[in-house]
Every structure is written in structure tokens, then in C-alpha cells.
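Residues per chain are reported as follows:
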Amino acid sequence: TWLPLAADTPVRSQKTVRRSLTLRVASMSAIASASPIARVAVVEEVVGAVTIAVHGRLYAEISTPDELEVRMLAVIEAARGRGVAGALMDAVEPRARELGLPAVVLSTAPTMHAAHRLYEPRGYQRQPNRDWVVDQDMTLLVYRLALTP
């Protein structure tokens, strides 16, 4: 199910996301605003969520006009290793196609090895020329998936 993300939801950086992750995952099912800024996918009970954004919108930071951006992917600790993150990504990729976008792009921290193990077998390729610095102590790696028609 894709739920709209309220325009005033404070997602300004990965650092903000880390601090508010527990609250954010717990409250995803309560989001009800009809904002076109970003959308959240929820798998059954709220054990994980993914936020996506389209280029040019408030929450998009690295996407180009032909890419859908995964802004945040979160799975509660108790549900990790059960395929929740894969199921959420299974919802993102078709959504990009529905929007007429031929690619998906995302950022991840260099230390998030479990995330890398999720993205790489799905065909996401590192884009080192697009890596970016959130603040002085955090650089994010960029991955991109070119969707097959």
C-alpha cells in the first residue's frame, strides 16, 4: 500500500532519519496527508517502510529527472532478515515504471553492509561520481538501478 507522506515530516538528512527512525517506523501507518511530495510503502503490519521521491520535489536530493529516488528504507530490528526490505524494494521498482521512470537511485552509508547486500544482487550499481557529503562526518554512497522494460 502506498501512503502519502505529510509535507511537514522532517526528513532533512540521513542524520535526522537515524535519530527519528524508531518513531518514524512506529508512526508510518498513521500518515494520512494527501501530499504529492513523497510516498511511503508499508508491508502489512508496520515492520518496515520505504520513502520515495521524484526529482524536483522537496525530499529528492540526488535523483535526476529520469530517476525515482529511494529516500529512506527502514526495517525494525525484530523483523530484519525476514525479507521485509526486499519486499519493500519489490514495491519501489514497479512504482518507478508506473511513473515512466527508467531508473531508481538511492543513497546508503558505507558501513551499511546489509543494505549493500540487498541492493547489489538486485542489480544496483555503485555511482561513485555521485557520492555526497551530508555533513562533516557522513558521506553517502550512491547506487542506481537501470530498470529493464
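Note: the structure precedes this text.
In this text, all values refer to a predicted model and were calculated from it rather than measured experimentally.

So, how was this worked out
- Counting of residues starts from 1 at the beginning of each chain's written sequence and follows it residue by residue.
- A pLDDT threshold of at least 70 governs which residues receive local features in this predicted model, and a stricter bar of 80 or more applies before side-chain atom pairs are shown or counted, although totals over entire chains, interfaces and linings include all residues.
- Hydrogens and waters are ignored; side-chain quantities use all the structure's heavy atoms.
- Where helices and strands are cited, they refer to DSSP runs of H or I of at least four residues and of E of at least two residues respectively, numbered from the N terminus.
- Using a 1.4 Å probe on the protein chains alone, a residue whose accessible area is under 20% of its type maximum counts as buried, one over 50% counts as exposed, and one in between counts as partly exposed.
- Every residue pair with non-hydrogen atoms within 4.5 Å of one another is taken to be in contact.
- In these tables, accessible area is a Shrake-Rupley quantity obtained with a 1.4 Å probe, and a residue counts as shielded only by the protein chains included in the view.
- What makes a salt bridge here is a side-chain nitrogen of Lys or Arg within 4 Å of a carboxyl oxygen of Asp or Glu, nothing more.
- Following DSSP output, two strands are said to pair if at least two bridges run between them.

A. Summary view of the overall build of the protein chain. Per the secondary structure count, the protein chain includes three helices and eight strands. Looking at the protein chain as a whole, 49% of its 149 residues are labelled buried. In the protein chain, 60% of the contacts between residues at least 6 apart in sequence involve partners at least 24 apart. Carbon together with sulfur atoms contributes 54% to the accessible area of the protein chain, which is approximately 7,800 Å² in total.

B. Focus on the pattern of salt bridges. In the structure shown here, the tally under the stated rule is eight salt bridges. Here Asp-66 ties to Arg-144 by a salt bridge, and the two come within 3.6 Å at their closest N and O atoms. Highlighted residues: Asp-66 in the loop between strand 3 (48-54) and strand 4 (67-75) and Arg-144 in strand 8 (residues 138-146), separated in sequence by 78 residues. Of the charged contacts in the structure, one is a salt bridge between Asp-131 and Arg-126, with a shortest N-O distance of 2.8 Å. For Asp-131, a relative accessible area of 25% corresponds to the partly exposed category.

C. Examining the pairing of strand 8 more closely. Relative to strand 8, strand 5 (residues 103-108) runs antiparallel, the two sharing six bridges. Bridge pairing in strand 8 places Ser-107 opposite Val-142. In the sheet, strand 6 (residues 125-126) pairs with strand 8 via two bridges, with the strands oriented antiparallel. Residue pairing across strands places Gln-125 opposite Arg-144, the latter belonging to strand 8. Hairpin geometry of strand 7 (residues 132-135) and strand 8 is characterised by an intervening segment of two residues between the two adjacent antiparallel strands.

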